[in-house]
Amino acid sequence: MPKTIFEWDYSDYPGAKTYPHLFKPIQIGNLIIPNRIKYTATEENLNGLDGFVTDQGAAYLAQRAKGVVGGLCFMQGVYMDEARMGQGYVGQAAAWDDKFVPGLKRLADAIHDALAVAGIQLMDCGRVGAVDVEYGHGPSAVPQRLRIFRPMKEMTKDEIKAMIQQHVDAAKRGVEAGFDIMEISGIVGYLVSNFVSSYTNRRTDEYGGDIRGRMQAVIEIIQGVKAVIPEDMPLGIRLCAEELLDDVRGNTAEESMESYKIAEEAGVDYISCTLGWQESIYPVISRDIPMGNWIHLAKRAKEHVKVPISMAYRLFKPELPNEKIGAGELDIWEMCRPMIADPLMPKKVLEGKEEEIRHCVACNLCLARLFRDAPMTCYINPICAHEANAEFADPQPAEEEKEIMIVGAGPAGLECAYLAARRGHEVHVYDKRAEIGGTLNEARHAPYGDDELWTCVEYQKVMCEKAGVNFHLGTEVTEELIEEEMPDSVVLATGPIYPGLAVPGGDSDKIVYLADVMSGKADVGKKVVVWGNRKPGIGCALHLAKQGKKVTLVGKDKTAGFDVNPSFKWRYYIYMRQNGIVAYNDCVIEEISDAGIVVKTYDGYRWPINCDTIVLAQREPNESLKKAVQSEGIELFVVGDALIPRNLSSAVHDGYRIGMRI
């Protein structure tokens, strides 16, 4: 008789009517899951350096457990070897000894408190491991492609047997801790995937050779774990459907599907369909990949195995997963980054509050933080990783209600506005534009997925409306208006300024401004120089290159994209090369003439660049109105690019913190 842990009735919820296939039960092994939603195991570096669970990690997971509304909620993958070769993240939870069981139980209990199904993942990080020791381990000592990872040592047969036993022992601890479902991680370059892949497994013994030999260690792990967990505890595995390693002779698609069939034969109860490795040169999850781009892989997997198939990977909104589940091409909608950005996302879908979802913008800042041994944060969600700080995560009503003037309706001003209003202040937002969004109005026109950035403004607009924020659009704030209104506090969120070029020829009619170019108001010639090599300049350069312009990017930063996180920056470099954009960094424009410009490097080299148009994308802080506010003795805050030109994330985080403080 299948086991049901918690009973859920979704029939009266609007989301269950709109997305009926997401909110229907599914049987996995001998366990009934109330819906088709899964928060998948996600590293966050919030645990102790000793592998013990912390308040921060428990609070983070508890929020995601609330979000799955009765579905599957997995804690992060645990490492299982005392030598720590399998540890891939400094804040990764451990399960190599019984002393870790109480902390693991704390996480299982937190999930159960939300009436969700608690999952634990077993994860030896293999090539991505050994974060704090000298060497990693794997089936073969294949050199690393990415320099941030450790050198590899080939495992002996005895070490392989010990590794398999570590999985079994950790599984026992997961059972003791009270988890309901268990999963083996075999993705992105972790140890199980190292055995499966022809790229990293060059062995000639029983643990190598053809795909069945390369799956032998996986079979023994599955069978060993199945032998020690209860019959009503499902066991799943995450496996690559496409490694995207053709350039280094990785597995073929046919071999990947064979690995699925072998895993099913060995006894797994479901398979999480994944793709790509950390070492793949093709992007998988950044926003330049269209939504739903990989969903066909789930359908392919279902054509090869009978067990349920789950999948994440650019499935940020409920429409497509609901459709594919209804069509029998997918069984479970997995989420990682969408629930980093908004832990209550599925709950809001169920309750018919989709307009209140803070959508992930696929920037990969979370990933960049992990690989730099820092606690995970979110580009778009200021509360992420601060859930244990009740004062920060849920700001209380203000002790003194104030009248607040916010100048600028961009992301920084909007974030500040709704939070301050929610805390009881009377908030008035002014902007000289007739629409909200600030510079995102232009930035969203950049290619390769930047239109997704606009979801930030859509969310903030709804939250402002619900909080009772007063808008005064098409109204420029002047010294006289400040004197007339005399608010208690002023927040300057006016965005950056784009200064002219104080060089010979700086008044040339070749010069146009970034906003006018991105909005289509400026006439742009065939040969263009973009001055400013941070994200706005790169976006503008790509935008123009897509129109067939010959574009040169010139900037004073040592590298282009200083304000772009490293896990996304490499994509821009590739697109710049593909679009023929020439970049000169660590330079200044020394002179402008009828023919074009003269560029000067930091060490004095000069050369001319012919161009028809010069786009000013170099930003500076906006000092306007500061003296006017200060002269009246009004409490003043400056946020976002008005303070220091940075990025969307900084704007959102600035706005949240000031909205919380006022």
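Caption draft 1: Main features of the overall build of the protein chain. Looking only at helices and strands, the protein chain features 23 helices and 26 strands. Taken over the C-alpha trace, the protein chain has a radius of gyration of 27 Å; the compact-globule value for 662 residues is 26 Å, and the two agree within 12%. Principal-axis analysis of the C-alpha atoms places the extent of the protein chain at approximately 75 × 60 × 45 Å. Relative to its 662 residues, the protein chain shows a buried fraction of 62%. Within the protein chain, contacts between residues separated by at least 24 positions form 72% of all contacts whose residues are at least 6 apart in sequence. As displayed, the protein chain has an accessible area near 25,700 Å², and 48% of this comes from carbon and sulfur atoms. If the 73 positive side-chain charges of the protein chain are averaged to one point and the 95 negative ones to another, these points end up 5 Å apart.

Caption draft 2: Focus on the sheet that holds strand β12 (residues 309-311). If you trace the 8 strands once around the closed barrel, you get β4-β5-β6-β9-β10-β11-β12-β13, paired in parallel fashion. This sheet shows a mean twist of 30° between the axes of neighbouring strands, independent of strand direction. Pairing of strand β10 (residues 235-242) with strand β11 (residues 270-275), which is carried by 6 bridges, proceeds in the parallel orientation. The partner of Gly236 across the bridge, within β11, is Tyr270.

Caption draft 3: Quick peek at the environment of Pro20. Along the chain, Pro20 falls in the loop between α1 (14-18) and β2 (26-28). Overall, the relative accessible area of 38% leaves Pro20 in the partly exposed class. Residues Pro20 and Trp333, 313 residues apart in the sequence, show an inter-C-alpha distance of 13 Å.

Caption draft 4: Broad picture of unusual backbone geometry. Within the chain, Ala362 stands out as a residue other than glycine whose phi angle is a positive 55°. For Ala362, the location among the structural elements is in the loop between α12 (345-350) and α13 (365-370). Taking relative accessible area as the criterion, Ala362 reaches 0% and is therefore assigned buried. Notably, Ala385 is not glycine yet its phi reads approximately 75°, a positive angle. Following the sequence through the fold, Ala385 ends up in the loop between α13 and α14 (390-393). The class of Ala385 is buried, set by a relative accessible area of 13%.

Caption draft 5: Structural context of the side chain of Arg203. Within the secondary structure, Arg203 is located in the loop between α5 (191-196) and α6 (211-214). Overall, the relative accessible area of 8% leaves Arg203 in the buried class. Of note is the side chain of Arg203, whose polar atom sits 2.8 Å from the side chain of Asp205. Apart from residues no more than four positions distant in its own chain, Arg203 is found in contact with Pro139, Ser140, Glu154, Met155, Thr156, Lys157, Ile160, Gly208 and Gly209.

Caption draft 6: Spatial organisation of the packing of aromatic side chains. A full pass over the atoms with the stated rule returns 13 aromatic pairs. Relative to Phe371, the ring of Tyr89 has its centre 5.7 Å away and its plane inclined at 45°; by these criteria the two rings are tilted. Here Tyr89, found in the loop between β5 (72-78) and α3 (101-113), pairs with Phe371, found in the loop between α13 and α14; they are 282 residues apart in sequence, far enough to count as distant. Classification of Phe371 as buried rests on a relative accessible area of 15%. Three or more aromatic residues joined by ring pairs make a cluster, and in this case those are Trp8, Tyr10 and Phe23. The ring of Phe568 carries Arg287 above its face, with NZ or CZ at 4.6 Å from the centroid.

Caption draft 7: View of the sheet that holds strand β3 (residues 31-33). Taken together, 3 strands build an open sheet; the order of strands is β1-β3-β2 and the sheet is mixed. Of all strands in the sheet, those with a lone pairing partner are β1 (3-4) and β2, marking the two edges. Across 2 bridges, the pairing between β1 and β3 is parallel. Residue Thr4 lies in a different strand from β3, and its bridge partner there is Ile32.

Caption draft 8: Spatial organisation of a negative patch on the surface. A cluster of acidic side chains, namely Glu479, Glu480, Glu483 and Glu632, defines a negative patch on the protein surface. Position of Glu479 among the secondary structure elements: in helix α18 (residues 479-485).

Caption draft 9: How the structure looks around the nonpolar core. The biggest cluster of nonpolar side chains holds 152 residues, and the ones touching the most others in it are Phe179, Ile237, Tyr260 and Met311. If one sorts the elements of this core by residue count, helix α15 (residues 411-422) sits on top with 8 residues. When residues of this core are assigned to domains, at least three map to each of domain 1 (3-390) and domain 2 (395-497 + 621-661). Those residues in contact with Tyr260 that lie beyond four places of it in its chain are Leu239, Cys240, Ala241, Ile271, Ser272, Cys273, Thr274, Ala301, Val305 and Ile309.

Caption draft 10: Summary view of the side chain of Asp431. Note on placement: Asp431 falls in strand β15 (residues 426-431). No salt bridge is formed by the buried Asp431; its nearest oppositely charged neighbour, Arg433, is found at 4.8 Å. Within the local environment of Asp431, its side chain forms a polar contact with the backbone nitrogen of Arg433, the two atoms lying 2.8 Å apart. Sequence-distant contacts of Asp431, defined by excluding residues within four places in its chain, comprise Gly408, Ala409, Gly410, His472, Leu473, Gly474 and Thr475.

Caption draft 11: Region of the structure containing the packing of helix α20 (residues 535-545) against helix α21 (residues 566-578). Where α20 meets α21, the axes come as close as 10 Å, and the angle between the chain directions of the two elements is 35°. In the packing of α20 onto α21, the handedness of the crossing is left-handed. Seen from α20, the contacting residues are Lys535, Ile538 and Leu542; seen from α21, they are Tyr572, Tyr575 and Met576. For the contact of α20 with α21, the class distribution of residues is 5 nonpolar, no polar and 1 charged.

Caption draft 12: Local environment of the domain arrangement of the protein chain. Split into domains, the protein chain comes out as domain 1 (3-390), domain 2 (395-497 + 621-661) and domain 3 (511-616). Distance from the C-alpha centre of domain 2 to the C-alpha centre of domain 3: 29 Å. In this complex, domain 2 contributes 9 residues to the contact, which on the side of domain 3 involves 13 residues. In total, domain 2 and domain 3 occlude about 940 Å² of area from one another, counting both sides; carbon and sulfur atoms represent 59% of this. Among the residues domain 2 hides against domain 3, the three largest losses belong to Glu442, Pro447 and Tyr448. Together they make up 56% of the total. Linking domain 2 with domain 3 are 1 salt bridge. Notably, a salt bridge pairs Asp450 with Lys535, separated by 2.7 Å at the nearest N-O pair. For the pair domain 2 and domain 3, the interface holds 5 residue pairs in polar contact (both at pLDDT 80 or more).

Reading the values: rules and limits
Residues numbered from 1 in each chain as written. Predicted model: local features only at pLDDT ≥ 70, side-chain atom pairs only at ≥ 80, totals over all residues. Heavy atoms only, no water. Helix = DSSP H or I, 4+ residues; strand = E, 2+ residues; numbered from the N terminus. Rg over C-alpha atoms; globule rule 2.2 N^0.38 Å. Buried < 20%, exposed > 50% of the residue type's maximum accessible area, 1.4 Å probe, protein only. Contact = heavy atoms within 4.5 Å. Areas by Shrake-Rupley, 256 points an atom, 1.4 Å probe, with all protein chains shown as cover. Lys, Arg positive; Asp, Glu negative; His and termini not counted. Charge placed at Lys NZ, Arg CZ, Asp CG, Glu CD. Pairing = 2+ DSSP bridges. Axes fitted to C-alpha atoms, helices over the stretch in contact; angles between N-to-C directions. Polar contact = N/O pair within 3.5 Å; in protein donor to acceptor, adjacent residues only side chain to side chain. Phe/Tyr/Trp six-rings, centres within 6.5 Å; stacked < 30°, edge-to-face > 60°. Lys NZ or Arg CZ within 6 Å of the ring centre and 35° of its normal. Patch = residues over 30% accessible without salt bridge, like charges linked within 9 Å, V, L, I, M, F, W, Y side chains within 5 Å. Salt bridge = Lys/Arg side-chain N within 4 Å of Asp/Glu carboxyl O. Core = buried A, V, L, I, M, F, W, Y, C linked by side-chain atoms within 4.5 Å. Domains from an automatic or database assignment. Left-handed = near helix turned anticlockwise from the far one by under 90°. Nonpolar A, V, L, I, M, F, W, Y, C, P; charged D, E, K, R; others polar. Buried area = accessible area lost by both parts, 1.4 Å probe.

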